[in-house]
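Next come the chains, spelled out residue by residue.
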Amino acid sequence: MGPGGFTLYGGGRVYFCKGPSGGFEDPYMYWDTNLANNYFAYTIDVSNVPCKCNAAMYWVNMPGYEGTNPTPGPGGDWYCDANFVNDNWCPEYDTFEGNAESMGVAIHTCDYVPPNDYSRCDRGGCGTNACTGIAGQYGRGRPLTPMHPTISRMLSS
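Residue positions within a chain follow its written sequence, with the count starting from 1. Whole-chain, interface and lining totals are the exception, using all residues; otherwise, since this is a predicted model, local features are given only for residues with pLDDT of at least 70 and side-chain atom pairs are given and counted only at 80 or more. Heavy atoms throughout the structure, all of them, feed into the side-chain values; hydrogens and water do not.

**Digging into a nonpolar patch on the surface**
Turning to step 1, where the next piece is worked out: Residues form patches when they are more than 30% accessible in relative terms and have no salt bridge. Like charges link within 9 Å. Nonpolar side chains (Val, Leu, Ile, Met, Phe, Trp, Tyr) link within 5 Å. Here, Shrake-Rupley sampling with a 1.4 Å probe gives the accessible areas, and only protein chains in the shown set may cover a residue. We define a salt bridge as a contact between a side-chain nitrogen of Lys or Arg and a carboxyl oxygen of Asp or Glu at a distance within 4 Å. Taken together, the side chains of F6, L8, V14, F16 and W31 present a nonpolar region at the surface, about 440 Å² in accessible area.
Turning to step 2, where the next piece is worked out: Note on exposure labels: buried denotes an accessible area under 20% of the residue type's maximum, exposed denotes more than 50%, and partly exposed covers the range between, all computed with a 1.4 Å probe on protein chains only. Overall, F6 belongs to the partly exposed group, its relative accessible area being 40%.

Have a look at this one:
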């Protein structure tokens, strides 16, 4: 963590929490944000992220549940996503997945089982990528270049 942000190197993961946390004991420690009529902005620089690597910024509905109880995955955290990573399903919104050569966005929906469980999700999601959505526009030497930080905003109403 540094002034005004943080930098991740090779395989890191960051969780936003409601307050200080020294571990994963509390399944309700994760920050719940209400984006209705708000936005979340961030800057990402993927100019040094090579092909075959994926830098990602995404939102998931943590903690992961099985039935009515929060359920930690094999790693001991409460992570869940739309691809059943960590043995838990939950909705996922990918605001950026990419590298210096390509990028994509997607929203994933899940089958909701009240009160807190999801029986399965659409692993592929509904999205687009730089190859199909803005062909020839993203990448080194193109109009949208990863050589400079990119600001992304999520808007909701």
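**Here we look at the confidence of the model for the protein**
Interpretation of the predicted coordinates at a detailed level should be avoided for regions scoring low in pLDDT.
Turning to step 1, where the next piece is worked out: Looking at the protein, pLDDT values average 83 and 89% of them are 70 or higher.
Turning to step 2, where the next piece is worked out: Think of pLDDT as the predictor's per-residue confidence, scored from 0 to 100. Note on conventions: DSSP H or I runs of at least 4 residues are helices, E runs of at least 2 residues are strands, and numbering of each starts at the N terminus. For the protein, the element scoring lowest by mean pLDDT is strand 10 (residues 150-155), at 53; strand 7 (residues 110-113) scores highest, at 95.

**Description of the state of the cysteines**
Turning to step 1, where the next piece is worked out: Cysteine sulfurs are considered disulfide-paired once they come within 2.5 Å of each other. Evaluated as defined, the whole model comprises two disulfides.
Turning to step 2, where the next piece is worked out: For C80, the disulfide goes to C90, at an S-S distance of 2.1 Å. Sign of the S-S torsion, about 90° for the bond between C80 and C90, identifies this disulfide as right-handed. Of this pair, C80 sits in the loop between strand 4 (69-70) and strand 5 (92-98) while C90 sits in the loop between strand 4 and strand 5; the two residues are 10 residues apart in sequence, bridging distant segments of the chain.
Turning to step 3, where the next piece is worked out: Between C110 and C121 runs a disulfide, and the two sulfur atoms are separated by 2.0 Å. Looking down the S-S bond of the C110 and C121 bridge, the torsion is 100°, so its handedness is right-handed. Taken together, the residues C110 in strand 7 and C121 in strand 8 (residues 117-121) connect sequence positions 11 residues apart.

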